[in-house]
Amino acid sequence: MCTLEKRGNLFILTFTGEDQHRFNPNLIGSLLSLLSQVKAEATRGSALITQAQGKFFSNGFDLDWAQAAGSEQGAAERLHHMVALFKPVTAALLSLPMPTVAAITGHAAAAGFLLALSHDYLIMRKDRGVLYMSEVDIALTIPDYFNALFREKIGDASVRRDLLLRGLKMKGDEAEKRGVVEAAYDGEAEVREASVRLAENLGKRKWNGEVYAEIRKGLYPQLSAILGLTHKAYTIARL
Ligand SMILES: CCCCCCCCCCCCC/C=C/C(=O)SCCNC(=O)CCNC(=O)[C@H](O)C(C)(C)COP(=O)(O)OP(=O)(O)OC[C@H]1O[C@@H](n2cnc3c(N)ncnc32)[C@H](O)[C@@H]1OP(=O)(O)O
C-alpha cells in the first residue's frame, strides 16, 4: 500500500504498513498513479520524498506472487511482467519535474534498491537496514535498465562490483563512505528530519521543473534512452 501526502511544497510518498513493501502489479500500479499525480500537481518549489514504514523501504519484487503462478514457466512470465511494469516507475522518477529524495529507514533490496537509487538524493539509516542486490544470490539476471541505473549513478566500479557481483549487504555507514548515499544518520527520526530539511532546501531554489527534469535526463543518457525518455532542449530566458 502506498499513500501520497502534500506538506507545503513537499510531496511525501509513503509505503504504509509493517510488511516488506514488495512490488507486485497492484503496488506498482498504485506507485505509478501517485507519481502521475505528483507530476500533474508539480509547481516551482515542489520536491518529492519517498519513504516507508516498518523495517523495510522495499524488499523488491513480490516473488510469492510470481510463484503463485503455479509453474516455473508461469513464475518466470510473472517476474518478467513485473520487470516490464516497473520500468515506467523508473522513467517517471527520472523525468519528474522536481528534486527527489529517498528516505531509506529500512532495507532496500533488489527492485527496492533500484527505486531508492532512482531518486536524486538518498538519505539512509545507519543502525538498521541494508542496501542489497540479492539477484546474484537468488540466481536472477539483472534487467537492462537496472544495470544502466547502477552504471550511471554509481561511478565507482568496485562499488558496483561489490553490490551486483558480490551481493554485498551495504549498511548506511559504508554506503555514505563509498558515495552510494548522500548521508546516513542513526535512527529513523533523524533520517526523516534530514530528508525533509534537504527537500525543503532544494525546493527553495524554485527551479523550473521541466528544465530540471531535462538536465537530469541529460545526466543519465544511456538510462534515459533505455527508458524511452526523449530529451528536449529548453531555452527559457530568466525574465
Ligand atoms: C521486458 C522483460 C524482460 C525481462 C528480462 C529480465 C531478466 C529476468 C528477470 C529477473 C528480474 C531481476 C530483478 C529482480 C528484482 C527483485 O526485486 S527480485 C526480489 C528480490 N528480493 C529479495 O531477494 C529479498 C532480499 N532480502 C533479504 O534477503 C532480507 O530481507 C534482508 C534485506 C537481507 C534483510 O534480512 P533480515 O533477516 O530481515 O534482516 P534483519 O532481521 O532486519 O537484520 C538482521 C540482523 O542485522 C541487524 N541489522 C540490520 N541492519 C543493520 C544495520 N544497518 N546495522 C546494524 N545491524 C543491522 C538487525 O538488527 C538484525 O540483528 P538481530 O535483530 O540481532 O538479528
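This text follows the structure it describes.
Since we're looking at a predicted model, the values are computed, not measured.

Asks: Requested: an account of the nonpolar core, with residues and values cited.
Replies: Counting 58 residues, the largest nonpolar core has Phe-23, Leu-31, Phe-61, Phe-86 and Leu-131 as the members making the most contacts within it. Per element, the largest residue contribution to this core is 9 residues, and it comes from helix H3 (residues 72-94). The residues touching Leu-131, leaving out its near neighbours within four places in the chain, are Ile-104, Ala-108, Phe-113, Met-124, Leu-163, Leu-168, Lys-169, Met-170, Ala-175, Val-180 and Val-181. The next biggest cluster of nonpolar side chains, apart from the first, holds 13 residues, and it includes Ala-47, Ile-49, Ile-123 and Ala-194.

Asks: Explain the sheet that holds strand E8 (residues 130-132) residue by residue, including any values.
Replies: The strands that make up a sheet are held in pairs by hydrogen bonds between backbone atoms, and each pair lies either parallel or antiparallel. Sheet architecture is open: 4 strands sit in the order E4-E6-E8-E9, paired in mixed fashion. The open sheet has two edge strands, strand E4 (56-58) and strand E9 (170-171), and neither has a second partner. Alignment of E4 against strand E6 (residues 107-109), held across 2 bridges, turns out to be parallel. Considered in E6, the bridge of Phe-56 is made with His-107.

Asks: If you had to explain the site of the ligand to someone new, which residues and values would you point to?
Replies: Taken together, 28 residues surround the ligand, and among them Asn-59, Phe-61, His-107, Gly-129 and Ser-134 come closest. One of the side-chain nitrogen or oxygen atoms of Lys-55 is found 3.1 Å away from an oxygen atom of the ligand. Lys-126 is positioned with one of its backbone polar atoms (N or O) 3.1 Å from a nitrogen atom of the ligand. The protein chains hide 65% of the 1,400 Å² of surface that the ligand would expose on its own. If you list the elements that add at least two residues to the shell around the ligand, you get H3 and E6. It is H3 that provides the largest number of residues to the shell around the ligand, a total of 3 residues.

How each quantity is defined
- Residues numbered from 1 in each chain as written.
- Predicted model: local features only at pLDDT ≥ 70, side-chain atom pairs only at ≥ 80, totals over all residues.
- Heavy atoms only, no water.
- Core = buried A, V, L, I, M, F, W, Y, C linked by side-chain atoms within 4.5 Å.
- Buried < 20%, exposed > 50% of the residue type's maximum accessible area, 1.4 Å probe, protein only.
- Helix = DSSP H or I, 4+ residues; strand = E, 2+ residues; numbered from the N terminus.
- Contact = heavy atoms within 4.5 Å.
- Pairing = 2+ DSSP bridges.
- Near = heavy atom within 4 Å.
- Polar contact = N/O pair within 3.5 Å; in protein donor to acceptor, adjacent residues only side chain to side chain.
- Areas by Shrake-Rupley, 256 points an atom, 1.4 Å probe, with all protein chains shown as cover.

Remember that the coordinates give geometry; whether it matters functionally is a separate question.
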